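# Descriptive structure summary
Each chain, written out:
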Amino acid sequence: MENSEETTSREIKKSSEIEEGPGIQYDIYLQNELVTERLKLLNYEIEFTELGDSLKTIPRHYFVRSTNVGEQFHLFTSLCTWLIRKSGIVVDMEMPHEFEDPNGTIARILNSIKEEKEFENLNIPPNKLKSGAGKQCVLLLFHLTAIALEKSGFQYGVMQQVEDTEENIQDEENQVDQAELTSDQFDDDVELAEDEDNPLMEEFD
């Protein structure tokens, strides 16, 4: 007879495999896309890039994979610092320098947010941030952009359907009438031009 403990272990493993299906690997891409969209809403294309010549806008999947550690780490830590300042967590936090000690930069960022309730259950190992890319980096930016948007007063709204008021309906009818009038005038002009090009020929006996 099968051991109940082995059965339970197998069920837990099976459940875990279902939760972490093949689609989960694409979550980081979606999160990075949301990060870039939020950054645009925060006007980072102007406010962030003007802070230094080495600071630039990023493609939507820039932090998914490590491709250029030095550049990615500098942009990642700079964005984190800018978001921390913009969120009001540490308004006078110094922007990181391109060639400073990575350990010190990461420690400064993590220390600044450890007292924030939004990060209470967010366990990010410092060594996972050193590459400047990957799941943990995107996750940190994901939360920082959300907080920055909230602190800025931004609110997501629901699209409102425009009601067909009497005035709007009248405007639409006028536009249709004008279009029909223009079309009729065009047809008349064409007929007139054809008549002028083909005068009637008189027949003689």
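As the structure is a prediction and not an experimental result, all values here were calculated from the model. (Residues numbered from 1 in each chain as written. Predicted model: local features only at pLDDT ≥ 70, side-chain atom pairs only at ≥ 80, totals over all residues. Heavy atoms only, no water.)

Let us look at the nonpolar core. Residues F63 and L140 are the most contacted members of the largest nonpolar core, which totals 40 residues. For this core, the elements supplying multiple residues, two or more each, are α2 (27-41), α4 (69-86), α5 (102-113) and α6 (135-151). Here the element with the most residues in this core is α6; it accounts for 10 residues. With sequence-adjacent residues up to four places away left out, F63 is seen in contact with N32, I58, Q72, L75, F76, L79, G132, A133, G134, V138 and L141. (Core = buried A, V, L, I, M, F, W, Y, C linked by side-chain atoms within 4.5 Å. Buried < 20%, exposed > 50% of the residue type's maximum accessible area, 1.4 Å probe, protein only. Helix = DSSP H or I, 4+ residues; strand = E, 2+ residues; numbered from the N terminus. Contact = heavy atoms within 4.5 Å.)

This paragraph deals with the side chain of T36. In this structure, T36 sits in helix α2. Overall, T36 belongs to the buried group, its relative accessible area being 4%. The contacts of T36, once residues within four sequence positions are left out, are I58, P59 and R60.

A word on the packing of α4 against α6. At a minimum axis distance of 9 Å, the contact between α4 and α6 shows a crossing angle of 25°. When the axes of α4 and α6 are compared, the pair comes out roughly parallel. When you trace α4 past α6, the crossing you get is left-handed. Between α4 and α6, the contacting residues are F76, L79, C80, L83 and I84 on the first element and C137, L140, L141, L144, T145 and A148 on the second. (Axes fitted to C-alpha atoms, helices over the stretch in contact; angles between N-to-C directions. Parallel < 35°, antiparallel > 145°, perpendicular 65-115°, else oblique. Left-handed = near helix turned anticlockwise from the far one by under 90°.)

Take the packing of aromatic side chains next. Tallied over the full model, the rule gives five aromatic pairs. Considering the side-chain rings of Y26 and Y29, the 6.3 Å spacing of their centres and the 45° angle between planes classify their relative orientation as tilted. Relative to F63, the ring of Y62 has its centre 4.9 Å away and its plane inclined at 80°; by these criteria the two rings are edge-to-face. Residue classification places Y62 among the buried residues on the basis of a relative accessible area of 11%. Taken together, the ring pairs connect Y44, F48 and W82 into an aromatic cluster. In this structure, R38 is placed above the aromatic ring of F142, and the distance from its NZ or CZ to the ring centre is 4.3 Å. (Phe/Tyr/Trp six-rings, centres within 6.5 Å; stacked < 30°, edge-to-face > 60°. Lys NZ or Arg CZ within 6 Å of the ring centre and 35° of its normal.)

This model, assessed by the stated rule, comprises five salt bridges. Measuring nitrogen to oxygen at the nearest pair gives 3.1 Å for the salt bridge that ties E71 to K56. Here the residue E71 occupies a position in helix α4, and K56 occupies one in the loop between α3 (44-47) and α4, the gap between them amounting to 15 residues. Judged by relative accessible area, K56 falls into the partly exposed class, the value being 35%. The shortest N-O distance in the salt bridge between R108 and E100 comes to 3.4 Å. Look at R108 and you get partly exposed, because its relative accessible area is 27%. (Salt bridge = Lys/Arg side-chain N within 4 Å of Asp/Glu carboxyl O.)

Another aspect to go through is the environment of F142. Note on placement: F142 falls in helix α6. The buried category is assigned to F142, whose relative accessible area is 18%. Along the backbone, F142 and L39 are 103 residues apart, and their C-alpha atoms lie at a distance of 9.9 Å. Once residues within four sequence positions are removed from consideration, F142 is found in contact with Q31, L34, V35 and R38.

Okay, α4 next. Along its 18 residues, α4 runs 25 Å from first to last C-alpha, staying within 8% of the 26 Å computed at 1.5 Å per residue. Once α4 ends, the next one or two residues include G88, with phi positive near 85°. (Expected span 1.5 Å × (residues − 1).)

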